[in-house]
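# Results of the structural survey
What follows is the residue order along each chain.
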Amino acid sequence: MPRAKESFDALHPCDFYTPEELLVEDQMYTIYEIARLLQGLDPDAEIDEETESVLLDWAVPWVMNNADDLVVADPPAEDAPGYYGLRQPEDVADSPDSE
């Protein structure tokens, strides 16, 4: 149920990291690792499944919103997640999509 703004002690800007602030240039990350990073956690942090689900609710739209600044790699196995990283000009130079 919605609540009046006055019912909160403080309001904060809704700022998100840019890809350049969040990701290391030469590294690739799973959506699960990105979800942790968006919350200031280590990408390998142990979290429970319910918390991970909530964090993914933030990470998926973040990836979609920043897609122009990212590259994606196929998963290493059929049942594994894909990997995302910062897009560099040399990453997709030979790709038909880069034109």
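Everything discussed here concerns the structure shown above.
The following refers to the structure shown. In this text, all values refer to a predicted model and were calculated from it rather than measured experimentally.

Cut-offs applied
Residues numbered from 1 in each chain as written. Predicted model: local features only at pLDDT ≥ 70, side-chain atom pairs only at ≥ 80, totals over all residues. Heavy atoms only, no water. 1 Å grid on protein atoms, 1.4 Å probe; cavity = no way out; pocket = protein on both sides within 12 Å on 5 of 7 lines; lining within 4 Å. Points joined across faces, edges and corners; volume = space filled by probe spheres on them. Nonpolar A, V, L, I, M, F, W, Y, C, P; charged D, E, K, R; others polar. Salt bridge = Lys/Arg side-chain N within 4 Å of Asp/Glu carboxyl O. Helix = DSSP H or I, 4+ residues; strand = E, 2+ residues; numbered from the N terminus. Buried < 20%, exposed > 50% of the residue type's maximum accessible area, 1.4 Å probe, protein only. Polar contact = N/O pair within 3.5 Å; in protein donor to acceptor, adjacent residues only side chain to side chain. Contact = heavy atoms within 4.5 Å.

Bringing the layout of surface pockets into the picture now. By volume, the largest pocket amounts to about 160 Å³. Around the largest pocket, the lining residues are Cys14, Asp15, Phe16, Tyr17, Leu38, Gln39 and Trp58. Its residues assigned to classes, the lining of the largest pocket shows 5 nonpolar, 1 polar and 1 charged.

Here we come to the pattern of salt bridges. Considering all chains together, one arrives at 1 salt bridge under this definition. Across the pair Arg36 and Glu52 runs a salt bridge, and its minimum N-O distance is 2.9 Å. Taken together, the residues span a long stretch of sequence, with Arg36 in helix H2 (residues 31-38) and Glu52 in helix H3 (residues 49-65) at a distance of 16 residues. As far as burial versus exposure is concerned, Arg36 and Glu52 are alike and both buried.

The class for Arg36 is buried, based on a relative accessible area of 9%. At a separation of 2.7 Å, a polar atom in the side chain of Arg36 contacts the main-chain carbonyl oxygen of Ala45. Setting aside residues no more than four positions away along its own chain, Arg36 makes contact with Leu41, Asp42, Pro43, Asp44, Ala45, Ile47, Glu52 and Leu55.

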